[in-house]
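Coordinate analysis (summary)
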Amino acid sequence: MRYIILLCLSLLVLPNVAISKRYWPSTTLTDWSLSLNNGVAYISSPQFPEHCSYSRGQINMSGTEFDRAQYAYALAAKAKGKSLRYVIDDTHSTCVISGLSEVN
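One structure accompanies this document, and this report is about it. (Residues numbered from 1 in each chain as written. Predicted model: local features only at pLDDT ≥ 70, side-chain atom pairs only at ≥ 80, totals over all residues. Heavy atoms only, no water.)

This part takes up the side chain of S45. Locating S45 in the fold gives a position in the loop between strand 3 (40-44) and strand 4 (56-60). What makes S45 buried here is its relative accessible area of 4%. Among the polar contacts made by the side chain of S45, one reaches the main-chain amide nitrogen of Q47 at a distance of 3.0 Å. Each residue touching S45, except ones within four places of it in the same chain, is listed here: L29, D31, W32 and S55. (Helix = DSSP H or I, 4+ residues; strand = E, 2+ residues; numbered from the N terminus. Buried < 20%, exposed > 50% of the residue type's maximum accessible area, 1.4 Å probe, protein only. Polar contact = N/O pair within 3.5 Å; in protein donor to acceptor, adjacent residues only side chain to side chain. Contact = heavy atoms within 4.5 Å.)

For the rest of this paragraph, the subject is the sheet that holds strand 2 (residues 33-37). Spatial ordering of the open sheet is given by 2-3-4-6, a layout of four strands whose pairing is mixed. Looking at strand neighbours, the two that pair on one side only are strand 2 and strand 6 (95-96), the edges of this open sheet. Bridging between strand 2 and strand 3 involves five bridges; their strand directions are antiparallel. For S35, the partnering residue across the bridge sits in strand 3 and is Y42. (Pairing = 2+ DSSP bridges.)

Turning our attention to the nonpolar core. Formed by 16 residues in total, the largest nonpolar core has its most connected members in I43, I97 and L100. At the level of elements, strand 3, helix 2 (65-80) and strand 5 (83-89) are the ones that each hand at least two residues to this core. Apart from the residues lying within four places of it in its own chain, the contact partners of I97 are I43, F48, G57, Q58, I59, Q70, Y86, V87 and I88. (Core = buried A, V, L, I, M, F, W, Y, C linked by side-chain atoms within 4.5 Å.)

What follows concerns the sheet that holds strand 5. With respect to topology, three strands assemble into an open sheet ordered 1-5-7, the strand pairing being antiparallel. Every other strand in the sheet has two partners, leaving strand 1 (22-23) and strand 7 (99-103) as the edge strands with one partner each. With two bridges connecting them, strand 1 and strand 5 associate as antiparallel partners. Note that in strand 5 the partner of Y23 across the bridge is I88.

A word on the state of the cysteines. Taken as a whole, this structure holds one disulfide when the rule is applied. Bridging C52 to C95, the disulfide has an S-S length of 2.1 Å. With the S-S bond torsion at -95°, the cross-link from C52 to C95 turns out left-handed. Of this pair, C52 sits in the loop between strand 3 and strand 4 while C95 is found in strand 6, placing the two residues 43 residues apart along the sequence. Each of the two residues, C52 as well as C95, counts as buried. (Disulfide = S-S within 2.5 Å.)

What follows covers the pattern of salt bridges. Tallying each qualifying case throughout the model produces two salt bridges. The closest approach of N and O atoms between R68 and E65, which form a salt bridge, is 2.8 Å. Of this pair, R68 and E65 both sit in helix 2, separated by three residues, roughly a single helical turn. On the accessibility criterion, R68 (42% relative accessible area) is partly exposed. Exposure remark for E65: the relative accessible area of 56% places this residue in the exposed category. As a salt-bridge pair, K80 and E102 come within 3.0 Å of each other at their nearest N and O atoms. One end of the pair, K80, is in helix 2; the other, E102, is in strand 7, and 22 residues separate them in sequence. Overall, the relative accessible area of 24% leaves E102 in the partly exposed class. (Salt bridge = Lys/Arg side-chain N within 4 Å of Asp/Glu carboxyl O.)

Structure representation (structure tokens):
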């Protein structure tokens, strides 16, 4: 019993180590499309990293202001014909986009 309590306390006290990390991929999306399906926005491109399933990243439309702003930003970039840089994590096959930037 004492060991279980010590284990629980050590898990609470010691810092958690994240396995994945978010990063800006080096390849800019020059050929991309934007779609909205069942409350999720998808940016599709053959230029996504190989670990992203279906060669796409998703913008979760959970109703937060940030998610709506990201979708609006991608929509405006598409309308202007801009290329995109994006932030994803390096381990999941369902790549969730957590940042966008237009590139000229």
